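Chain by chain, the residues:
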Amino acid sequence: MSRQVSRSWSALVPCAGCVTAHIGKSKQLAAQGVLDIKAVVEHFMTVNGVSMEVFAQAEDEAISKWLRQSTIAWKPDYGAYASLIPDVPVRPRK
């Protein structure tokens, strides 16, 4: 497993409906009945002005990126935001 540094360049606050930034989490929440995945997909397409085909491509790319990056043991570097992060030990992934 390689080790790389993950740096925070900015703090992004998505709109309230934007669990679309994390489609895997959206699908988990949909499976639990917490949200409607169809509404999430429609929101993504509306906000970005894209078709279902473009959404599907973005989803595939996001999943591929997650699969690649989840093999890395990241060391977080919060940069200018470090003072806002409490000293909480990071649990290693299983």
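Below or above, wherever it landed, is the structure these notes cover.

Cut-offs applied
Residues numbered from 1 in each chain as written. Predicted model: local features only at pLDDT ≥ 70, side-chain atom pairs only at ≥ 80, totals over all residues. Heavy atoms only, no water. Patch = residues over 30% accessible without salt bridge, like charges linked within 9 Å, V, L, I, M, F, W, Y side chains within 5 Å. Areas by Shrake-Rupley, 256 points an atom, 1.4 Å probe, with all protein chains shown as cover. Salt bridge = Lys/Arg side-chain N within 4 Å of Asp/Glu carboxyl O. Helix = DSSP H or I, 4+ residues; strand = E, 2+ residues; numbered from the N terminus. Axes fitted to C-alpha atoms, helices over the stretch in contact; angles between N-to-C directions. Parallel < 35°, antiparallel > 145°, perpendicular 65-115°, else oblique. Contact = heavy atoms within 4.5 Å. Nonpolar A, V, L, I, M, F, W, Y, C, P; charged D, E, K, R; others polar. Core = buried A, V, L, I, M, F, W, Y, C linked by side-chain atoms within 4.5 Å. Buried < 20%, exposed > 50% of the residue type's maximum accessible area, 1.4 Å probe, protein only.

Nonpolar side chains collect at one region of the surface, where Ile-63, Trp-66 and Leu-67 lie side by side and expose about 310 Å² of accessible area between them. Secondary-structure assignment places Trp-66 in helix α3 (residues 52-69).

Packing of helix α2 (residues 37-48) against α3 leaves a shortest axis separation of 10 Å and a crossing angle of 105 degrees. Judged on the interaxial angle alone, α3 and α2 are roughly perpendicular. Mapping the contact onto sequence places Val-41, Phe-44 and Met-45 in α2 and Met-52, Phe-55 and Ala-58 in α3. Partitioned by chemical class, the residues of the contact of α2 with α3 number six nonpolar, no polar and no charged.

Take the nonpolar core next. Counting five residues, the largest nonpolar core is built from Ile-23, Val-41, Phe-44, Met-45 and Phe-55. Tallying contributions element by element places α2 first for this core, with three residues. Apart from the residues lying within four places of it in its own chain, the contact partners of Phe-55 are Ile-23, Val-41, Phe-44, Met-45 and Val-50.

A few words on the pattern of salt bridges. This structure, assessed with the given rule, holds one salt bridge. The partner of Lys-27 in a salt bridge is Glu-59, with the nearest N and O atoms 2.5 Å apart. Of this pair, Lys-27 sits in helix α1 (residues 23-31) while Glu-59 sits in helix α3, placing them 32 residues apart in sequence. Accessibility expressed as a relative area gives 15% for Glu-59, which makes it buried.

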